[in-house]
Amino acid sequence: MTALQLTLAIIKPHVIKNPFSLEAIRNIIVSSNFKVVKSKRKHITPDEAEMFYEEHMHKFFYNRLITFMTSGPSDVYILAKENAIKDWRTLMGPTKVYKAQFEARESIRGKYGFTDTRNATHGSDSPETAKREIGIFFPEFDYEGWFKTEEPKFHHNLKLDKMNFVHVTDNR
Ligand code: CDP
Ligand code: MG
């Protein structure tokens, strides 16, 4: 049994405003065999957005990025899969939407992105960033503990709680 990896996904505010796009992206997640470990609808605060996008502080797009990410509720998920980080980023497609539309028309950003900023989704880019990003939005989540006690349960007998968009194990 190969170990699962965790990644942090965000469905950005413009998608949450369109229930059909949100449903389509949720279907892509489940049919691509990701397990939804945690799920929350959250209006990201300026403090959280600034911490989250710290590495981009000096970029020209930083202000518009923070303004957009705090403009309305987002969905924030912890996703599990064998190669969760790479697979989720592949499904999302390139960061820049015009590039996504040109090179990966069927990707999530190719289909549901509007602009370079409103590019539909976020995905962690390494195990270290995944851990850091999960800590920002799920401070109560026991990251190390999950791999010890929860990970084995996520290989079988999972049910999708559609209402809360989260996979539940039998004994929860
Ligand atoms: O999200 P990803 O890791 O693919 O890209 P990034 O380079 O880490 O940029 C973070 C976010 O900044 C992107 O997802 C876009 O929302 C935003 N961005 C932007 O507004 N304008 C750009 N030219 C590049 C990125
Ligand atoms: Mg990034």
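In the annotation of an unreviewed UniProt entry, the protein is listed under the name Nucleoside diphosphate kinase and assigned to Rhynchophorus ferrugineus. Recorded in UniProt under Catalytic activity (unreviewed entry), the annotation for the protein is "a 2'-deoxyribonucleoside 5'-diphosphate + ATP = a 2'-deoxyribonucleoside 5'-triphosphate + ADP".

A.B. asks: Could you give an account of the UniProt feature "domain: Nucleoside diphosphate kinase-like" (unreviewed entry) in the protein, naming the residues involved and the relevant values?
C.D. replies: Under the local residue numbering, the UniProt record ascribes the feature "domain: Nucleoside diphosphate kinase-like" (unreviewed entry) to residues 4–145. Structurally, residues 4–145 is divided into 47% helix and 20% strand, and its ends, taken at the C-alpha atoms, are 14 Å apart.

A.B. asks: I'd like a description of helix 4 (residues 62–69), backed by residues and values.
C.D. replies: Those residues of helix 4 not exposed but buried are Tyr62, Leu65, Ile66, Phe68 and Met69. Buried residues of helix 4 fall within an arc of 165° about the axis and therefore sit on the same side. Residues Asn63 and Thr67 are exposed on helix 4 and point more than 90 degrees away from its buried face. Where helix 4 is buried, its residues contact strand 1 (5–11), helix 1 (13–16), helix 3 (46–52) and strand 3 (73–81).

Definitions and limits used
Residues numbered from 1 in each chain as written. Chains lettered and ligands numbered in written order. Predicted model: local features only at pLDDT ≥ 70, side-chain atom pairs only at ≥ 80, totals over all residues. Heavy atoms only, no water. UniProt positions renumbered as here; feature names shortened; annotations may be inferred. Helix = DSSP H or I, 4+ residues; strand = E, 2+ residues; numbered from the N terminus. Buried < 20%, exposed > 50% of the residue type's maximum accessible area, 1.4 Å probe, protein only. Arc of directions from axis to C-beta. Contact = heavy atoms within 4.5 Å.

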